[in-house]
Amino acid sequence: MKYLSTRGGGAPLSFKETVLTGLARDGGLFLPAEIPDITDKLAAWRHMTYSDLAFEIMRLYADDLPDSALRAIIDKSYGVFRHAEVTPVVNVGALHILELFHGPTLAFKDVALQFLGNLFEYYLEEDNAELNIVAATSGDTGSAAIHGVRGRDRIRIFVLHPNGRVSSVQERQMTSVLDDNVFNLGVTGTFDDCQNIVKALFGDLSFRDKYKLGAVNSINWARVLAQVVYYFYAAFQVQIKTGAGQVRFAVPTGNFGDIFAGYIARRMGLPIDKLVLATNENDILTRYFHTGEYTLGEVYPTLSPSMDIQMASNFERYLYYLCNSKPTLLAQCMEELKRSGSLKVDPIRPDYSFVAGRADTAATIAAIKQYWEEYAYLLDPHTAVGVAVASRFMVEEVPMIALATAHPAKFGDAIKRATGENMAHHAAIDALAGLPTRKEIIAPDCGAVAKFIGGKIEAAVTGARGMTYEP
Ligand SMILES: *Cc1c(COP(=O)(O)O)cnc(C)c1O
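Residues numbered from 1 in each chain as written. Predicted model: local features only at pLDDT ≥ 70, side-chain atom pairs only at ≥ 80, totals over all residues. Heavy atoms only, no water.

Within the protein, the secondary structure is distributed over 19 helices and 15 strands. Relative to the compact-globule value of 23 Å for 471 residues, the protein shows a C-alpha radius of gyration of 21 Å, a close match. Overall, the C-alpha framework of the protein stretches about 70 × 50 × 50 Å when taken along its three principal axes. Here the protein holds 471 residues, and 60% of them are scored as buried. For the protein, the exposed surface amounts to about 17500 Å²; the carbon and sulfur share of it is 50%. Side-chain charges in the protein split into 45 positive and 53 negative, and the spacing between the mean points of these groups amounts to 2 Å. (Helix = DSSP H or I, 4+ residues; strand = E, 2+ residues; numbered from the N terminus. Rg over C-alpha atoms; globule rule 2.2 N^0.38 Å. Buried < 20%, exposed > 50% of the residue type's maximum accessible area, 1.4 Å probe, protein only. Areas by Shrake-Rupley, 256 points an atom, 1.4 Å probe, with all protein chains shown as cover. Lys, Arg positive; Asp, Glu negative; His and termini not counted. Charge placed at Lys NZ, Arg CZ, Asp CG, Glu CD.)

Here we take up the sheet that holds strand 7 (residues 182–187). Note on sheets: strands pair through backbone hydrogen bonds, and any given pair is parallel or antiparallel. The parallel open sheet is built from five strands, whose spatial order is 8-5-6-7-15. Each end of this open sheet is capped by a strand with a single partner; those strands are strand 8 (213–214) and strand 15 (440–442). In terms of strand pairing, strand 7 meets strand 15 through three bridges, oriented parallel. Looking at the pairing, G186 lines up with I441 of strand 15. Contacting strand 5 (131–136), strand 6 (155–162) and strand 7, helix 6 (residues 140–149) crosses the sheet at an angle of about 170° to strand 6. (Pairing = 2+ DSSP bridges. Contact = heavy atoms within 4.5 Å. Axes fitted to C-alpha atoms, helices over the stretch in contact; angles between N-to-C directions.)

What follows concerns the pairing of strand 3 (residues 89–92). Bridge count for strand 3 against strand 4 (residues 95–99) is four bridges, and the pairing is antiparallel. Each residue of the ladder has a partner; that of V90, found in strand 4, is I97. The turn joining strand 3 and strand 4, which pair antiparallel and follow one another in sequence, is formed by two residues; a positive phi near 60° is taken by G93.

The next thing to look at is the site of the ligand. The environment of the ligand is made up of 15 residues, and the closest members are K109, D140, G254, N255 and T405. F256 is positioned with one of its backbone polar atoms (N or O) 3.1 Å from an oxygen atom of the ligand. For the ligand, whose free accessible area comes to 380 Å², the fraction covered by protein is 98%. (Near = heavy atom within 4 Å. Polar contact = N/O pair within 3.5 Å; in protein donor to acceptor, adjacent residues only side chain to side chain.)

You can see T137 is positioned in the loop between strand 5 and helix 6. Along the chain, T137 and T437 lie 300 residues apart, while their C-alpha atoms are 18 Å from each other. Ignoring anything within four residues of it in the chain, the contact list for T137 reads G142, V159, L160, H161, P162, M174 and F191. Within polar-contact distance, the side chain of T137 engages the backbone nitrogen of G142 at 2.8 Å.

Taking 1.5 Å per residue as the helical rise, helix 3 (residues 50–61) with its twelve residues ought to reach 16 Å, and the 17 Å between its terminal C-alpha atoms agrees with that figure. Taking burial as the measure, the twelve residues of helix 3 include nine buried ones, the bulk of the element. Turning to helix 3, its buried residues are Y50, S51, L53, A54, F55, E56, I57, M58 and Y61. (Expected span 1.5 Å × (residues − 1).)

Quick look at the nonpolar core now. If you look at the biggest cluster of nonpolar residues, it comprises 108 residues, and the most contacted ones within it are F232 and F249. F249 has contacts with Y231, A234, A235, I272, K274, L275, V276, M400, I401 and L403, leaving out every residue within four places of it along the chain. Of all hydrophobic cores here, the second largest spans 37 residues; its members include I97, F101, A390 and A409. (Core = buried A, V, L, I, M, F, W, Y, C linked by side-chain atoms within 4.5 Å.)

Attention now goes to the pattern of salt bridges. Any two side chains of opposite charge can pair, given that their charged atoms come close. For the structure on display, the rule yields 19 salt bridges. E121 is paired through a salt bridge with K76; the nearest N and O atoms lie 3.3 Å apart. With a gap of 45 residues between them, E121 in helix 5 (residues 109–127) and K76 in helix 4 (residues 67–79) connect regions that are remote in the sequence. Judged by relative accessible area, which is 21%, E121 ranks as partly exposed. Ionic pairing is found between R156 and E130, a salt bridge with its closest N-O pair at 3.5 Å. Here the residue R156 occupies a position in strand 6, and E130 occupies one in the loop between helix 5 and strand 5, the gap between them amounting to 26 residues. Salt bridges sharing partners connect three or more residues here, namely K16, E126 and D127. (Salt bridge = Lys/Arg side-chain N within 4 Å of Asp/Glu carboxyl O.)

Let us look at the packing of aromatic side chains. Inspection of the entire model under this criterion finds 32 aromatic pairs. Measuring from ring centre to ring centre gives 5.4 Å for F256 and F315, while their planes differ by 85°; the resulting arrangement is edge-to-face. In this pair, F256 sits in the loop between strand 9 (247–252) and helix 11 (257–268) while F315 sits in helix 13 (residues 315–322), placing the two residues 59 residues apart along the sequence. Grouped by ring-pair contacts, the aromatic residues F256, F260, Y263, Y288, F289, Y294, F315, Y318, Y320, Y321 and F354 constitute a single cluster. R71 extends its terminal NZ or CZ atom over the ring of F55, reaching a point 4.1 Å from the ring centre. (Phe/Tyr/Trp six-rings, centres within 6.5 Å; stacked < 30°, edge-to-face > 60°. Lys NZ or Arg CZ within 6 Å of the ring centre and 35° of its normal.)

By themselves, these are just geometric observations and shouldn't be taken as functional.
As structure tokens, then:
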């Protein structure tokens, strides 16, 4: 499989090159040159275990990895999950809830980032090379990425989070990791500031090459790929249970990475009749799907901080398909967006795969309360946004699968607000209390961040080799 930039620059890359490059050098995002149609494999795949299914799906895209290596990476990545099924589906009321929070940091991002950490390690060993990961996080990516690469020899990780705007648990999950290869930066700005700095660092090609930058944000294709797997797994579980043909998925959305994986699954031939896109008050994507206009606004802090995003980076991948896979058209769209902060998209081919809705703080709280009172099931606030919006798109004959993207214990304050008491606990969260932490507070300034990162890399390399830094 070859991979191309959405903006048309550069030669096609292999899977390995795509994973190690992260963001394309022309500023675009990588997409596979074609999406395999697996309709004829659906029946054979239906009863597979999570790992077997992951292997079958991933090998279509990761075709430069030997089968034995891919198997080993998958087994290692999903062996650390706390549930034997990896991503189990539970039936709660009229909904099927896909629990994606059984990984090390209790958020769905572990599914992709455990895989990516092991994949990086494999490739870097193969090349006898090093990688410096630079990532922006609205809360969950950072801790999942850090847990995916902590303590590894060939990798350093620098994570930018908006200082004071992630939950205290999310912050502790990152800053209590004291391994030498982990650096947390609390940026005194918003998540969008963090994301813009990361994009600017990747856009500075000499900095990027000098320090061998790597990406773990959902701009990395391997993350989308790992997430495609659970759409298949969940659809099969629910089809087996209910006898249904088509299914719907409700996806709490921020950066459009998770739901984009569902879109890929649908394009591969998985019978998904609708993807229900759910946002909180940061509803740029909901507005887009209602009006065709994508207009940036201010970031509004909510109970679901991992979705407090305006500029959804993976939306570019979707736009590329709306532009009929024409990079010049897509590049014009991105220019227009950058220039005016707004974009009117006239899709060449209309797309009926998405519906969208917004759930505000009151609706989020109401969903948590209702599921607790009626079913004694606790929704984390992100999942609650998805569940609240899902309730508007239920139809008799098509089962609705709601993605549970985080464990409620990560967001105890929201649980308390909704139910009057915080009864969401998890041993992994309780264990964080009182641990020593480390972070650097830094201005939302690309130069300052670049200087910090360059300095740490040079200090580590000269320290280890007892000589001056030569990239
Ligand atoms: C990251 C995150 C989301 C949003 O996922 P995107 O891929 O950014 O759309 C939703 N819920 C939780 C808990 C998350 O961590």
